[in-house]
Structures are given as C-alpha cells and as structure tokens.
Amino acid sequence: MAEQTMKLKQELTEKLKSVSDAIQLDQVRVEYLGKNGLITGLLKGMKDLSIEEKKTFGQEVNELKNEAAEMIANKGEELKNAEILKEINSMPEFDVSSPAKLDRGSYHPITLVQRQCEKIFKSMGFTVEDYSEVVSDYECFESLNIPKHHPARDMQDTYYLENGQLLKSQTSAAQNAIYKKYKDALINDGVPIKAIFPGRCFRNEATDACHENTFFQMEGVMVDKNISISNLIFFMKTMLSEVFQKDIKVRLRPGFFPFVEPGFELDISCLICGGDGCPSCKHSGWLELCPCGMIHPEVLKAGGIDPEEYTGFAFGLGLTRLAMMKYGVKDIRDLNSGSLRSLSQFTDDE
Ligand code: FA5
C-alpha cells in the first residue's frame, strides 16, 4: 500500500515540475485532490482490507493528501512570485533622480504683480505684512472710523460668519493692528511706520468685467512726523512707473473714505482701450486703481498714535485690476477662472 501512495507522490512531483501557469495547476489539483481524483480514489480500494490495514492505509492516504495540498500550494506561490518578477522586469527603467517630465507650472498673474510691488516697496524701506482673511467688525470697520449703520458700509457688503466675524472687504482691515504693532518703535525710537499688506478681499458684489466678489488689494501706510500729500504722490508715482516701466496717464480726484482726510481716487488711463472706453473701464476710459489719502486722526488714535504729533498716508491698490492692466486681461473673471490655458501664458519676467 505504501508503494501506491509513494508512486502517486512521485508522479505528482514530476507533474508539478512541468506546470507553468495557474490554470494548469488547478487542473492538477482536481486530478489529484478532486472528489473523483487519484488520491481520493485510493480510498475506494480499502474495502477489501482488514481493519488494521484500513487504519494504516487510511493514515497514509491522509498524509499524502496533506502533502499533495502543500506541494500544490507551494507551486502556486512559486508561480505567483515568477509572475511578479516578470512584471517588474518588463517595467521601463525608473530613475528616481531624473527630473520630472511634466510641464512646468506658472505663477498666477496676480502673484506676479504682487511680488513685483512687494519688491518695489521693499526697496523703498517698507515691510511686507501678512494678515488674516477672517476679521472682526472692529478691524474692518469700527477702527477705520466706520461705525455701525454708517452708509459707507453699503459699498462694502461682505460675507459674515455666524460668530459675527467677516471676510475682510478691504485690506485696510489690517491698519489698526499694524499701527499697534509698530507704534512703540515710532514713538520711542522715531522709526517711521512703513508697511504694505497685500491680501485677498471679499465683497457681496454683482460681478462684471471689472468687478469680482473675490479680489486682491495691497494696502500701504506710512506714518511719521510731517508726512504730507507730496510724500503720498511720490510713492504712488514711483510704484506705477516701476510696475509698468513706462509713463502712465494718471488722474487724482477727490474721493470719500471715512478713514482718510483728505481722500483721493487715483485712476489710470485704461490700457486695454487706450482711454477710448471699453467694458473693462466701464466705457469711461479710466480705471479706478488706487484710492488713497491722509490717514484720519481718529484712525491714528484708534491705533494708539497721537494725531497731533504724527501724520501719515494710506493707499489701497487694486492688485487684481493692476494685473488686468499689466497683462491686458479684458475680463477680471478670467483671473479667477482657474483656466490653465489662459493662466499659463504668464511667466515671471524677472
Ligand atoms: C477701498 O477698499 C479702500 N480700503 C481703499 C483705501 C485704502 C482708500 C486706504 C484710502 C486709503 P475701494 O472700495 O475703492 O476702496 O477699493 C480699492 C480698489 O480695490 C479699487 O480701486 C479697485 O481697484 C479694487 N476693487 C474694489 N472692488 C473691487 C472688485 N469688486 N473687484 C475687483 N477690484 C476691486
């Protein structure tokens, strides 16, 4: 009897050597271990054996069954490993140190003008400040001489959070914090406050070619003794001629903002239509770009600075509109469109 089991085991060993895939392996499994398989078939001849022989033979067959199952499982594992190895070897060589072959990304035009403006103002001694997009009513309005129910709030309706905070409608919202941050150096050490703070602004606004509900501004302030409108005009002119690298027609007209006195609107001649009038400039030939003025005494006071001793100017540059003019983008909405086809045309020209 032991001979029969030994013979089957040898046969199976030989057969498994020639098996080269999972389908063949399954056929072998059924041939030997299936319900009508060769190993199970051995048990059929047991009926003529004595009880003692039945016991020994039954044990042998069971052992063979277990061994056969193990041999088949091992072969399955071997086939699986060979398959993985084949796949690895067929993969193209991958060099982790080689540079990516993907197309390079590009900076957003607003990022480009923002960086350019930062560079210009840094070269004139201004610090660049970062500020939160979620601010309090005090920061955005009250500290800027715009009490509750003041009509100036109508022009800057924005998005409110349930806790009373709001998405800032203007970068001026950072003014109070900047004054408080630098007032000691100003008062004790005579260091003028010269800061710019670019940031994203939000307004509940009907959109058109020159208005978005989300746009960028860059605020700038300078506070010291004897700061006058001529200082303001000097910095505005320098900034515009550096950004555009050519002479730009500008006009200064009176403008009302509760946090400056006097206040101005600084417009530039529309560079899209050359001043003839188009949808980008609401057909006026001029584009409101940078309102500005002398900081209101109440605003300085709220920032802990004595208006009897110090004066200053502030401006709120429309960075998104500046990007439109610089890059000839006719519709402001294109800048927030996320269209890579239009945005990838812009490159850092530095
Ligand atoms: C202000 O936001 C004032 N905080 C500016 C200021 C600062 C005045 C300091 C005086 C002193 P205004 O709402 O006009 O002002 O916006 C300033 C500039 O932001 C505009 O000239 C324009 O260029 C840009 N701007 C305003 N609203 C939008 C909008 N919806 N979409 C795109 N740009 C806008």
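The structure displayed is predicted, hence computed values, not measured ones.

S.K.: It is not clear to me how the overall build of the chain should be interpreted in this structure. Could you clarify?
M.R.: What the chain contains, in helices and strands, is eleven helices and ten strands. Summarising its shape, the C-alpha atoms of the chain cover approximately 120 × 45 × 40 Å along the three principal directions. Each of the 350 residues in the chain was classed as buried or not, and the buried ones make up 41%. Long-range pairs, those at least 24 residues apart, make up 68% of the contacts in the chain with a sequence separation of at least 6. Summed over its atoms, the accessible surface of the chain is roughly 20,000 Å², and 52% of this surface lies on carbon and sulfur atoms. For the chain, the distance from the average position of its 41 positive side-chain charges to the average position of its 53 negative side-chain charges is 3 Å.

S.K.: Before we go on, may I ask you to explain the pattern of salt bridges in this structure?
M.R.: Side chains that carry opposite charge are capable of pairing whenever their charged atoms lie near each other. Within this structure, the stated rule accounts for 17 salt bridges. With a shortest N-O distance of 2.4 Å, Lys9 and Glu67 are connected by a salt bridge. Taken together, the positions of Lys9 in helix 1 (residues 2-18) and Glu67 in helix 4 (residues 51-90) put the pair 58 residues apart, joining distant regions of the chain. For Lys9, a relative accessible area of 26% puts it in the partly exposed group. A relative accessible area of 31% places Glu67 in the partly exposed class. Between Asp137 and Lys148 there is a salt bridge, with the nearest N and O atoms lying 3.5 Å from each other. Here the residue Asp137 occupies a position in helix 6 (residues 137-140), and Lys148 occupies one in the loop between helix 6 and strand 3 (166-167), the gap between them amounting to eleven residues. Residue classification places Lys148 among the partly exposed residues on the basis of a relative accessible area of 48%. Linked by salt bridges that have partners in common, Asp137, Glu142, Lys148 and Arg153 make up one network.

S.K.: Please clarify how helix 5 (residues 109-123) should be interpreted in this entry.
M.R.: Since one α-helical turn is 3.6 residues long, residues separated by three or four positions face the same way. Look at helix 5: 21 Å from first C-alpha to last across 15 residues, which is about the 21 Å you get at 1.5 Å a residue. Taken together, the buried positions of helix 5 are Pro109, Ile110, Leu112, Val113, Gln114, Gln116, Cys117, Glu118, Ile120 and Phe121. Following helix 5 by one or two positions, Gly125 adopts a phi angle in the positive range, close to 90°.

S.K.: How should I be thinking about the site of the ligand in this particular structure?
M.R.: In the region of the ligand, 24 residues are neighbours, and Gln170, Ser172, Arg203, Glu205 and Glu212 sit closest. Here a nitrogen atom of the ligand and a side-chain polar atom of Ser172 are 2.8 Å apart. One nitrogen or oxygen atom from the side chain of Glu205 is found 2.5 Å from a nitrogen atom belonging to the ligand. Taken together, the elements giving at least two residues each to the shell around the ligand come down to strand 5 (214-224) and strand 10 (311-318). The greatest single-element share of the shell around the ligand, amounting to four residues, is contributed by strand 10. Broken down by class, the residue content of the shell around the ligand amounts to eleven nonpolar, seven polar and six charged.

S.K.: Just to check I follow, could you spell out the pairing of strand 9 (residues 292-295) for this structure?
M.R.: Two faces, one strand: in a regular strand the side chains alternate between the faces of the sheet. Summarising the sheet, strand 7 (residues 260-269) and strand 9 pair through three bridges and their orientation is antiparallel. Residue pairing in the sheet places Val260 in a bridge with Ile295 of strand 9. The sheet contact formed by strand 9 and strand 10 spans three bridges and is antiparallel. Following the sheet pairing, Gly293 is matched in strand 10 by Ala314.

S.K.: What is the right way to read the packing of aromatic side chains from this model?
M.R.: Any pair of aromatic rings gets described here by the distance separating the centres and the angle formed by the planes. Across all of its chains, the model carries six aromatic pairs by this definition. Here Phe235 and Phe313 contribute two aromatic rings whose centre-to-centre distance is 5.7 Å and whose plane-to-plane angle is 40°, an arrangement assigned as tilted. Of this pair, Phe235 sits in helix 8 (residues 229-244) while Phe313 sits in strand 10, and the two are 78 residues apart along the sequence. Classification of Phe313 as buried rests on a relative accessible area of 0%.

S.K.: Help me understand unusual backbone geometry in this model?
M.R.: Excluding glycine, residues mostly have negative phi values, and the peptide bonds linking residues are mostly trans. Of note, the bond from Glu261 into Pro262 is cis; its omega dihedral lies within 30 degrees of zero at 0°. Among the secondary structure elements, Pro262 is positioned in strand 7. Although it is not a glycine, His283 adopts a positive phi angle of roughly 60°. Overall, His283 belongs to the exposed group, its relative accessible area being 58%.

S.K.: How should I be thinking about the side chain of Gln217 in this particular structure?
M.R.: Within the secondary structure, Gln217 is located in strand 5. A polar side-chain atom of Gln217 sits 3.0 Å from the main-chain amide nitrogen of Thr171.

S.K.: It is not clear to me how the packing of helix 1 against helix 2 (residues 22-33) should be interpreted in this structure. Could you clarify?
M.R.: Two quantities define a packed helix pair, namely the angle between the helix axes and the distance between the axes. Where helix 1 contacts helix 2, the axes come no closer than 10 Å and their chain directions differ by 170°. By the angle between their directions, the pair helix 1 and helix 2 is classed as roughly antiparallel. Two packed elements cross with a definite hand, and for helix 1 against helix 2 that hand is right-handed. Here helix 1 contributes Leu8, Glu11, Leu12, Lys15, Leu16 and Ser18 to the contact with helix 2, which in turn contributes Gln24, Leu25, Val28, Glu31 and Tyr32. Taken together, the residues of the contact of helix 1 with helix 2 break down into six nonpolar, two polar and three charged.

The rules behind each value
Residues numbered from 1 in each chain as written. Predicted model: local features only at pLDDT ≥ 70, side-chain atom pairs only at ≥ 80, totals over all residues. Heavy atoms only, no water. Helix = DSSP H or I, 4+ residues; strand = E, 2+ residues; numbered from the N terminus. Buried < 20%, exposed > 50% of the residue type's maximum accessible area, 1.4 Å probe, protein only. Contact = heavy atoms within 4.5 Å. Areas by Shrake-Rupley, 256 points an atom, 1.4 Å probe, with all protein chains shown as cover. Lys, Arg positive; Asp, Glu negative; His and termini not counted. Charge placed at Lys NZ, Arg CZ, Asp CG, Glu CD. Salt bridge = Lys/Arg side-chain N within 4 Å of Asp/Glu carboxyl O. Expected span 1.5 Å × (residues − 1). Near = heavy atom within 4 Å. Polar contact = N/O pair within 3.5 Å; in protein donor to acceptor, adjacent residues only side chain to side chain. Nonpolar A, V, L, I, M, F, W, Y, C, P; charged D, E, K, R; others polar. Pairing = 2+ DSSP bridges. Phe/Tyr/Trp six-rings, centres within 6.5 Å; stacked < 30°, edge-to-face > 60°. Axes fitted to C-alpha atoms, helices over the stretch in contact; angles between N-to-C directions. Parallel < 35°, antiparallel > 145°, perpendicular 65-115°, else oblique. Left-handed = near helix turned anticlockwise from the far one by under 90°.

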